[in-house]
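Structural overview for review
So you can see what is in the structure, the chains are spelled out below.
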Amino acid sequence: MKKLLLLFMMGIFGLSCSQQTPKVLKTSFSKEALNQKVEDEEGKSITIQQILDQHKGKVLVIDFWAGWCRDCLKALPKAKELEENNKNIDFVFLSLDRSKEGFDKSLERFEMKDKENYWFSSGWKNDFNNYIDLNWIPRYMVIDQKSAIAKYYAISPEDPEIQTTIDNLLK
């Protein structure tokens, strides 16, 4: 009986803590989401809109991650491989590390300093993450050349839809 109860409790816990596909796969960002501020490595504030503007005309992959996230760290080699195999597109890494110190340490520890990195100093719950239904990391999005969302939801850099979306946008 105890084993059955334990299995039941583990099942409920597992269901409530797993990544769930959002019910609506959005293709654009709200004004509030675009106004969300993040910080770069130097601590300078920048909005999501400004980041997208810097990449307008290019295909962009956004990688949500954190140095404390085991799933993110397991995916990191494949994320780097995706980047290596797509040199003609841009990548932005949005960190959900819990502190600026943690963000800085993660960039150093996981050899991310040569990439375009930003940190959500406001924490996990903010206008951007709430709008995109961020409920787990890692998470990947593909943004088209006009800053629209081409691939809203992927949980692995190995998701074949990421590469298919990239290839279709470059045709």
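It should be emphasised that the depicted structure is a prediction, and the values quoted were computed from it without experimental measurement.

Looking now at the confidence of the model for the protein. Across the protein, the average pLDDT comes to 91, with 89% of residues at or above 70. Confidence drops under pLDDT 50 across residues 3–16; counting only partners more than four residues distant or on other chains, this segment forms one contact.

With five of its six residues buried, strand β7 (residues 149–154) lies for the most part within the structure. One ladder, built from three bridges, connects strand β6 (residues 139–143) with β7; its direction is antiparallel. Paired with I143 across the two strands is I149, which belongs to β7. The hairpin turn running from β6 into β7, its antiparallel successor, is five residues long, and S147 in that turn takes a positive phi close to 70°.

A separate point is the pattern of salt bridges. As enumerated under the stated definition, the model contains 10 salt bridges in all. E161 is the partner of K151 in a salt bridge, and the nearest nitrogen-oxygen pair spans 2.8 Å. You can see K151 sitting in strand β7 and its partner E161 sitting in helix α7 (residues 160–169), a full 10 residues away along the chain. The exposure class of K151 is buried, given its relative accessible area of 11%. The network of salt bridges with common partners includes K78, E81 and E158.

Conventions used here
- Residues numbered from 1 in each chain as written.
- Predicted model: local features only at pLDDT ≥ 70, side-chain atom pairs only at ≥ 80, totals over all residues.
- Heavy atoms only, no water.
- pLDDT = per-residue confidence, 0-100.
- Contact = heavy atoms within 4.5 Å.
- Buried < 20%, exposed > 50% of the residue type's maximum accessible area, 1.4 Å probe, protein only.
- Helix = DSSP H or I, 4+ residues; strand = E, 2+ residues; numbered from the N terminus.
- Pairing = 2+ DSSP bridges.
- Salt bridge = Lys/Arg side-chain N within 4 Å of Asp/Glu carboxyl O.

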